[in-house]
Structures are given as structure tokens and as C-alpha cells.
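Secondary and tertiary structure notes
Now for the letters of each chain:
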Amino acid sequence: MFLAQAHARLAGALDELDPILGPLGERFADAGYELALVGGSVRDALLGRGMPDLDFTTDARPDDILRLIVGWADAHWDIGKRFGTIGMIRQGRQIEITTYRAEAYDPESRKPTVAFGDSLDEDLLRRDFTIGAMAVRLPGRVFVDPFGGLADLEAGRIRTPGSATMSFTDDPLRMMRAARFTAQLGFAAADEVVEAMTGMAERIDIVSAERVRDELVKLVCGARPRAGIELLVDTGLADRILPEVAGLRLERDEHHRHKDVYQHSLTVLDQAIGLEGRYAAEQAEAGLPADDPRRLPVPDFVVRFAALMHDIGKPATRRFEPGGAVTFYHHDVVGAKMTAKRMKALHFDKDTTKKVARLVELHLRFYGYGDAGWSDSAVRRYVTDAGDLLPRLHILTRSDVTTRNRRKADRLARAYDDLEARIAALAEQERLDAIRPDLDGTQIMALLDIPPGREVGQAYSFLLEQRMEQGPLGEERAAELLRAWWAARQE
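I will try to describe carefully the structure that is included in this document. (Residues numbered from 1 in each chain as written. Predicted model: local features only at pLDDT ≥ 70, side-chain atom pairs only at ≥ 80, totals over all residues. Heavy atoms only, no water.)

Now for the overall build of the protein chain. Looking only at helices and strands, the protein chain has 24 helices and 13 strands in total. Each principal axis of the C-alpha distribution contributes one length, and for the protein chain these read about 95 × 60 × 45 Å. Across the 491 residues in the protein chain, those meeting the buried criterion constitute 48%. For the protein chain, long-range pairs separated by at least 24 residues make up 67% of all intrachain contacts whose partners lie at least 6 apart in sequence. (Helix = DSSP H or I, 4+ residues; strand = E, 2+ residues; numbered from the N terminus. Buried < 20%, exposed > 50% of the residue type's maximum accessible area, 1.4 Å probe, protein only. Contact = heavy atoms within 4.5 Å.)

Following this line, the structure appears as C-alpha cells:
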């Protein structure tokens, strides 16, 4: 049944793409060259997934490809020419055509050495996995599957066309891709793939941080990132690229004085994924503009990665107290610094790093207020500290409840419901998303008759503190409080 449905999906996709595939295939055939739709494009068509970009392979060399597509493509570029790839746009589709090739890594180099090949089968043998080593020859639409990729699609299996060891030697990043596909497609890595990843984990060290980062982002944004993370940890790859996550396994406590932090973190990740869609839908229903910085994308790497990393400060802060209790004081602050350091090592941009680290730092903030109840000033501080990250903090805080004690879980959920209700109620009275003192810097200088400098900043901080504690004061009351504060300083 699967095979028949897959072939039907492929045929439908090829029919839809015929205005591009037909003329392009004929141009290459008329010039005496082979051309085939290949790799992820074929895999996605067989699975019935969207195909926004199209990948082709050919025996034509880059200059020949350029000669054939100039004048036919709506636009083209040759930035990847030295790797054998020519890019173009046709009818709104992004297309890449690559000369048959074989890539290999020098053991001491991060850059691939490219050698052009002469046959489609040779090209397919050098591809990462069998599910990406299928092709459709054009213009005749002949399906090519020399390594059993379609059977592996049916079985949900990640397997390499040749030996896994050879594949990962050619490109160690393929080990990351194996984990990424388990997350994106829900497939399982074949035993020989897992064995090779385990034995060759240190080879990932020669791959650039940017390439590792890009695969990690795709993994975390997959449908089942937990499976991908588990594969990285189980094979030792995480020890090389995310040692802080791998280190959470050390937190298993033989006396059961605290929960398994590694499994807890994976559960928090699962739960965050379940909540991000709900919050995003509520934002859309409420009419929050798409360009609002609080608007959540789905999938949301920031909240997912924060969920995975939120407890990485625990190993460094674990203490066994008299009587058997276990504490992790300040693991939020320590974890935020560790998160920022790891993301910097992976060459994440500063904005993404700042957001993830800030969420890790704030993930316990709710528990500091919960038992005592939420005063208006506490609500204001919570909202102000979170800033544009508030919706993500809602998700992370709710996801951090993994207790199997249903009564406790329900109590915490109700408490957070109450907090969100308080935020909404105060937001109707005050602009919580932009809390400022009732007097600005210019007014402060005029009122106190002082020039720009440190004292203006101190006065501003004093008024902001009053605004947090008391809510909107109005300029007259703020001026009265400021004069009293200034007079006390002069005594």
C-alpha cells in the first residue's frame, strides 16, 4: 500500500512540475547531457511533502550548465560554481543543478575536496542516506533507486548507500544529519549507522561550527527533536557539540533524592513544543501583528532550545544538604552563562543567544512569587524582566512542570493561570509592555537643576522603582517623591 501511494504522490508532483521539468530535461538531453531530479526533492515528493526548492544532478560541467540555462532561467547565480553547483529561479521556484560529484574530507581539514563524477549511480552512492539517494531521470521520468531508499522510507529507517563508516569519513556532518532526520521524519537510525556514529563521534570536530549549528537548529525545530537529541547523546556526539546536555546524565541520583534531570529536560522540551502552537494560535486570534517581536513562530527555536538548556547549570550547583536534601541554588544564573558560552562557541548570532540565555535565567522567576501571591508590583516586575520574551517565558515555565503528582501539577497550573490573568488585568489599566517612570531624563534634570550624569540615572532608577511598586503615579506625584528622595540624599 505504501509503495503504491508513494509512487502516486511522486507522479502527481512530477505532473505539477512538468512546466519546469519537461523543458529543462529536454534542454539537457538535446545538448547530449543527463539530468535527474534528485535527493530531498524526490524523497519529499514520495512522502507527499512540499517541494519549494528543486535539486538536480547532471554529468554536465558547471560552465555547460550555465550555457544551457542562461536565457531560460528568470535569474541565475554561480556562487557555488567551484563546488559544481549553479543556482537559478524559474517560475518562482529556486533550483540548483549540481555536476555529478564525490566529496571527501581530509582528516585534518574542515573544507571538502570536490571531484566531479561521470555517472548518476556514482553520484547517488556518495549521498548521505538512501532516502536521499533516489532520483528521477529526465525528461523520461525514470525512477532510479539503486540502494533501496524507497524501502527505507517505508520502514522509517536511516541508512547509508555505502558503508556508514565511509559515508561519515567523506562528510562527518552526516552524523548530525542522521540525528536531524530522526527528529524531522520520526525515523530510526539503522544499527550500523548508530555504531559508526559512536565510533567516529570525534570526527565532528573537524566540521565548522556554522555547519554544526545549522544542523542543530533544523534538529531542534523538527517534529520530534527529543529523538534526535537522544541519538546525539547516546552516540557521544553531544559530548562534542552539546556537552552541557550530555552532562545532565550525571545527575541521575542513585538514592532518588531528585529527578533525572536529563529526562526531565527532554520532557520539558516535549511539553514546550505542545504549548508553542497554542500560544501562537492565541496571538494570531488576538490580532497580534506578524512583525511584533512577541509574536511566536512555529516551530520556535528560541523557546525549544531554552527548554533543552534550562537546567544545564544543575551539575555545577548540586549540593547534598544534611538530612538528604539536594539543592541547586543559582543554577538558573549559572545555566544562563553556560548557555551563552555554548551558543557563542556554535557561532549563534548575538540576538538569538541573548534571548535563549535570558529565558534560562528567568525560568525560576515564577516560583519566587507563587507561594506569597502576586502583588501588582510583582506582576509589573515579572512582565518588565521578561520584556518581549514574556510569551516564551509563559511556555517555558508551564513546560517545566513534569511532576507525576497530579494534585501538585494542577496547583501549579492554576497558579500560573492566575498570574496570566493578573497580567491581562493590569495590562488593561497600564502599558505593562512599556513601563517607564512618570518623568523622563529631561524633566528630572530640570526639576533637580542638575546636568547630565550619573545622578540623572540614579534618579531615573528611583522613579522606575516607584512606578513598579505603586503603578502609574502621574507627573505631580512623581515630582513630589523625587524631590523628597533628592532632599534626603543631600542631608
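Backbone geometry follows two general trends: most residues other than glycine have a negative phi, and most peptide bonds adopt the trans configuration. Residue P139 is bonded to the preceding L138 through a cis peptide linkage, with omega at 5 degrees. With respect to the helices, strands and loops of the structure, P139 is situated in the loop between β8 (135–138) and β9 (142–144). Cis geometry is adopted by the peptide bond preceding P299, which originates at V298 and carries an omega value of 0 degrees. Looking at the secondary structure, you find P299 in the loop between α14 (261–285) and α15 (301–309). Despite not being glycine, R141 shows a phi value in the positive range, around 60 degrees. We note that H330 has phi near 65 degrees; this positive angle belongs to a residue other than glycine.

To continue, consider the pattern of salt bridges. Taken as a whole and assessed by the stated rule, the structure comprises 36 salt bridges. The salt bridge partner of R398 is D417, with a shortest N-O separation of 2.6 Å. Residue R398 is located in helix α20 (residues 390–399), and its partner D417 is located in helix α21 (residues 406–429); the two are separated by 19 residues in the primary sequence. By relative accessible area, R398 is classed as buried at 16%. A network of salt bridges, in which partner residues are shared, links D171, R177, R180, R211 and E215. (Salt bridge = Lys/Arg side-chain N within 4 Å of Asp/Glu carboxyl O.)

Moving on to the side chain of T58. Secondary-structure assignment places T58 in strand β2 (residues 53–58). Within polar-contact distance, the side chain of T58 engages the backbone oxygen of E34 at 2.5 Å. A polar contact of 3.0 Å, which involves the side chain of T58, links it to the backbone nitrogen of A60. (Polar contact = N/O pair within 3.5 Å; in protein donor to acceptor, adjacent residues only side chain to side chain.)

Turning our attention to the nonpolar core. With 119 residues, the main nonpolar core has F56, I97 and F305 as its most contacted residues. With ten residues, α14 is the largest single contributor of residues to this core. Among all residues touching F305, those that are not within four sequence positions of it are L216, V220, L242, M343 and V356. The next biggest cluster of nonpolar side chains, apart from the first, holds 15 residues, and it includes L439, I450, V456 and F462. (Core = buried A, V, L, I, M, F, W, Y, C linked by side-chain atoms within 4.5 Å.)

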